[in-house]
Amino acid sequence: MRVLLNPLDGMNLLSQTEVSKLQKSSNSPLYALFKSCALAVLNVGNESDELYNEYSDFEINLLSRERGIKIELINPPQAAFVDGEIITGIQEHLQSVIRDILFNSSKYETTDFNDSVEVTNAIFDILRHANVILPTDLPNLVVCWGGHSIKEKEYRYTKEIGYQLGLRGLNICTGCGPGAMKGPMKGAALGHAKQRIKNGRYLGLTEPSIIAAEAPNPIVNELVILPDIEKRLEAFVRVAHAIIIFPGGAGTAEELLYLLGIMLNPKNKLQVLPIVLTGPAESIAYFEEIAEFVEATLGKEARDLLNIMPDKPAAVAQFIKDQMVNVRDFRKSVGDAYQYNWTLNIEPDFQHSFDPNHENMSQLNLNLDQPKTQLAANLRKAFSGIVAGNIKEQGVLAVKEKGPFILQGDETLMHRMDKLLMAFVEQGRMKLPGSKYEPCYKINIL
């Protein structure tokens with residue numbers, strides 16, 4: 001099957017020079033990355049661990065035309081089409097892939113990503129180029145984190161939270177995939193519709209190594225693909241006016257540890273960024289495990305940053321709405337932008353890319369005798385490696401080839417990690433529903 005797509009608004013405004021850069025990029029090593037991300041967004045709604053094997057004959061080409069480009073798809077997933085026509089939202093996502101993977105890759109290929117200021121500026125530029133840095137008079141963007149593998153009742157709860165947020169005119173940003181990333185957007189869309197809000201925002205932030213496992217859900221109307229997980233996480237916290245955390249697994253723990261490591265920095269002591277953990281009453285065991293782990297490893301100061309509000313959708317939404325005034329007052333008092341939190345201090349260890357290979361994982365400093373912010377950074381990396389071994393193609397292949405990642409540290413911390421991870425496994429939070437979980441990690445005590 002061969003399909004030719006005319007570009008939607010925006011893509012046909014590329015100059016001939018820009019088109020030539022895109023064509024050149026298509027013939028470079030970036031093409032494989034471009035192709036895999038394009039296939040992921042075309043395959044939305046079909047959760048599969050064998051995506052690339054199922055569509056091994058898929059190809060995508062950019063064809064130069066006088067007014068811009070045409071997009072040629074060869075043997076694409078049929079789920080992306082209705083009566084032979086591509087779904088508009090999926091084509092928008094496809095064009096986001098072209099913009100972020102190909103165009104931005106050439107723009108930032110010489111950027112010094114070891115320089116903290118350059119990293120923050122580059123993330124802002126990527127978001128601005130994607131037109132997601134928008135003027136606003138009142139902070140209203142709520143970042144929602146949570147697992148792609150959650151129970152049906154938990155999923156319905158995330159929709160109810162989104163609905164309550166939408167009724168209050170708040171917008172949603174998630175990791176853009178299924179489960180707790182889709183539910184809040186779906187609920188908010190209904191809330192916005194009831195309030196006749198026609199410009200509701202459903203911002204999805206992803207990165208190339210995870211997009212296949214967590215393909216953008218159909219509600220996303222603004223999609224941005226950041227270069228890697230660290231820049232994706234920084235984008236989340238810089239655009240957020242509040243953060244809601246739903247039940248999840250290793251990926252959600254990674255996000256929470258990243259956030260806590262930043263907020264524990266004394267330079268961020270005055271920052272106003274509400275953090276709420278919420279879910280249905282049945283999920284209380286999850287929050288108890290998380291709270292216990294956070295307090296035991298990072299201390300009471302970290303635990304006190306968390307507002308745990310189980311089974312209270314309307315109360316959560318009202319709390320978040322009320323906090324928007326405090327966020328606005330703080331940003332005004334320090335002269336910071338509402339759209340992008342420039343004053344949030346993020347140390348280089350939270351910005352540098354971490355390659356979760358077997359050597360790096362085994363050498364992580366997982367001991368309690370270190371500064372809390374440094375411990376949070378190392379724990380974040382450990383959980384990032386577990387996410388890679390669970391669902392990221394490169395990590396899954398590495399575990400198949402060399403066996404599980406080795407995590408080693410002092411006895412107390414290793415027991416805490418093992419207890420938390422086993423709770424995730426028992427609660428079915430480590431893989432997609434219906435699949436048996438084989439641990440990609442092994443815990444050793446030094």
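What you see is a predicted model; the values in this text were computed from it and never measured.

> Can you help me understand helix α14 (residues 372–391) in this one?
Residues separated by three or four positions in an α-helix point in the same direction, a consequence of the helix having 3.6 residues per turn. Here α14 spans 28 Å end to end across 20 residues, near enough to the 28 Å set by a 1.5 Å rise per residue. Among the 20 residues of α14, 17 are classified as buried, and the element is accordingly described as predominantly covered.

> Whenever I open this one, the pairing of strand β10 (residues 242–245) confuses me. Can you help?
Across the two faces of β10 the burial is the same, with Ala242 and Ile244 and Ile243 and Ile245 all buried. As judged from the 4 bridges shared by strand β6 (residues 141–145) and β10, these two strands associate in the parallel manner. The residue of β10 that forms the bridge with Val143 is Ile243. Here β10 runs beside strand β11 (residues 275–277); their pairing, made up of 3 bridges, is parallel. Each residue of the ladder has a partner; that of Ile245, found in β11, is Leu277. Running through helix α9 (residues 250–263), the crossover from β10 to the neighbouring parallel element β11 is right-handed.

> I would appreciate a short explanation of unusual backbone geometry in the present structure.
Positioned with a positive phi, Asn75 is a non-glycine residue whose angle comes to about 55 degrees. Note on placement: Asn75 falls in the loop between β3 (68–74) and β4 (81–82). One non-glycine residue, Asp311, lies in positive phi territory at about 60 degrees. Mapped onto the fold, Asp311 is located in the loop between β12 (307–308) and α12 (313–334).

> What is the right way to look at the pattern of salt bridges in this model?
Opposite charge on two side chains permits pairing when their charged atoms draw close. Evaluated as defined, the whole model comprises 19 salt bridges. Between Arg156 and Glu152 there is a salt bridge, with its nearest N and O atoms 3.7 Å apart. Taken together, the positions of Arg156 and Glu152, both in helix α6 (residues 152–167) and 4 residues apart, correspond to about one turn of that helix. Arg156 sits in the partly exposed class, given a relative accessible area of 44%. With a relative accessible area of 49%, Glu152 lands in the partly exposed category. In this structure, Glu292 and Lys419 form a salt bridge, with 3.6 Å as the shortest nitrogen-oxygen distance. Taken together, the residues Glu292 in helix α10 (residues 284–298) and Lys419 in helix α16 (residues 411–426) connect sequence positions 127 residues apart. The partly exposed category is assigned to Glu292, whose relative accessible area is 35%. Look at Lys419 and you get partly exposed, because its relative accessible area is 39%.

> I would appreciate a short explanation of the packing of aromatic side chains in the present structure.
Two aromatic rings, taken as a pair, are described by how far apart their centres are and by the angle between their planes. Applying the stated criterion to the full structure yields 8 aromatic pairs. What links up through ring pairs into an aromatic cluster is the set Phe124, Tyr340 and Trp342.

Parameters and conventions
- Residues numbered from 1 in each chain as written.
- Predicted model: local features only at pLDDT ≥ 70, side-chain atom pairs only at ≥ 80, totals over all residues.
- Heavy atoms only, no water.
- Helix = DSSP H or I, 4+ residues; strand = E, 2+ residues; numbered from the N terminus.
- Expected span 1.5 Å × (residues − 1).
- Buried < 20%, exposed > 50% of the residue type's maximum accessible area, 1.4 Å probe, protein only.
- Pairing = 2+ DSSP bridges.
- Right-handed = clockwise from strand over helix to strand, strands pointing away.
- Salt bridge = Lys/Arg side-chain N within 4 Å of Asp/Glu carboxyl O.
- Phe/Tyr/Trp six-rings, centres within 6.5 Å; stacked < 30°, edge-to-face > 60°.

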